[in-house]
Amino acid sequence: MTPLEAITHLIDEKKRNRQIPHCAMLEDVVRLCNLPAPELKEELEKLKKEGVIARKQTINSWSIYIV
């Protein structure tokens with residue numbers, strides 16, 4: 001599963017379950033993608049630069065939103 005597919009899947013799941021906020025947590029994306037850390041980081045940076053996703057820092061991690 002690509003990072004964008006994982007993010008979309010996690011956000012859709014939260015919407016179906018009526019959980020707020022509608023975002024994907026970084027550790028959940030890592031779990032679903034099974035990509036090496038450098039490759040995942042590179043893909044997330046690319047998506048951010050393209051304006052597809054936005055990241056917000058949480059206390060212990062990052063939350064990812066689709067723009």
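Moving on, we come to the overall build of the chain. Along its length, the chain carries three helices and three strands. Along the chain direction, N to C, the helices and strands of the chain fall in the order α-β-α-α-β-β. Taking 67 residues into account, the globule formula puts the C-alpha radius of gyration at 11 Å, and the chain, at 11 Å, falls close to it. The principal-axis extents of the C-alpha atoms in the chain amount to approximately 30 × 25 × 20 Å. Relative to its 67 residues, the chain shows a buried fraction of 27%. Partitioning the intrachain contacts of the chain with sequence separation of at least 6 by distance along the chain shows that 48% fall at a separation of at least 24. Here the chain has roughly 4,700 Å² of accessible surface; of this, 52% comes from carbon and sulfur atoms. Within the chain, the 10 negative side-chain charges are centred at a point lying 7 Å from the centre of the 11 positive side-chain charges.

What follows covers the nonpolar core. A6, I7, L10, I11, A24, V29, C33, L40, L44, L47, I53 and I64 together form the largest nonpolar core, which totals twelve residues. Counting residues per element, the ones that place at least two in this core are helix 1 (3-16), helix 2 (26-33) and helix 3 (37-49). For this core, the element with the most residues is helix 1, which contributes four residues. Contact partners of I53, with chain neighbours within four places excluded, come to I7, L44, L47, K48, I64, Y65, I66 and V67.

Here the chain averages 95 in pLDDT, while 100% of its residues score no lower than 70. Averaged pLDDT values over the elements of the chain bottom out at 94 in helix 2 and peak at 97 in helix 1.

This part is about the packing of helix 1 against helix 3. At a closest axis distance of 10 Å, the pairing of helix 1 and helix 3 adopts a crossing angle of 70°. Comparing their axes, helix 3 and helix 1 come out roughly perpendicular. Mapping the contact onto sequence places P3, L4 and I7 in helix 1 and L40, E43, L44 and L47 in helix 3. In terms of residue class, the contact of helix 1 with helix 3 is built from six nonpolar, no polar and one charged.

Cut-offs used in this document
Residues numbered from 1 in each chain as written. Predicted model: local features only at pLDDT ≥ 70, side-chain atom pairs only at ≥ 80, totals over all residues. Heavy atoms only, no water. Helix = DSSP H or I, 4+ residues; strand = E, 2+ residues; numbered from the N terminus. Rg over C-alpha atoms; globule rule 2.2 N^0.38 Å. Buried < 20%, exposed > 50% of the residue type's maximum accessible area, 1.4 Å probe, protein only. Contact = heavy atoms within 4.5 Å. Areas by Shrake-Rupley, 256 points an atom, 1.4 Å probe, with all protein chains shown as cover. Lys, Arg positive; Asp, Glu negative; His and termini not counted. Charge placed at Lys NZ, Arg CZ, Asp CG, Glu CD. Core = buried A, V, L, I, M, F, W, Y, C linked by side-chain atoms within 4.5 Å. pLDDT = per-residue confidence, 0-100. Axes fitted to C-alpha atoms, helices over the stretch in contact; angles between N-to-C directions. Parallel < 35°, antiparallel > 145°, perpendicular 65-115°, else oblique. Nonpolar A, V, L, I, M, F, W, Y, C, P; charged D, E, K, R; others polar.

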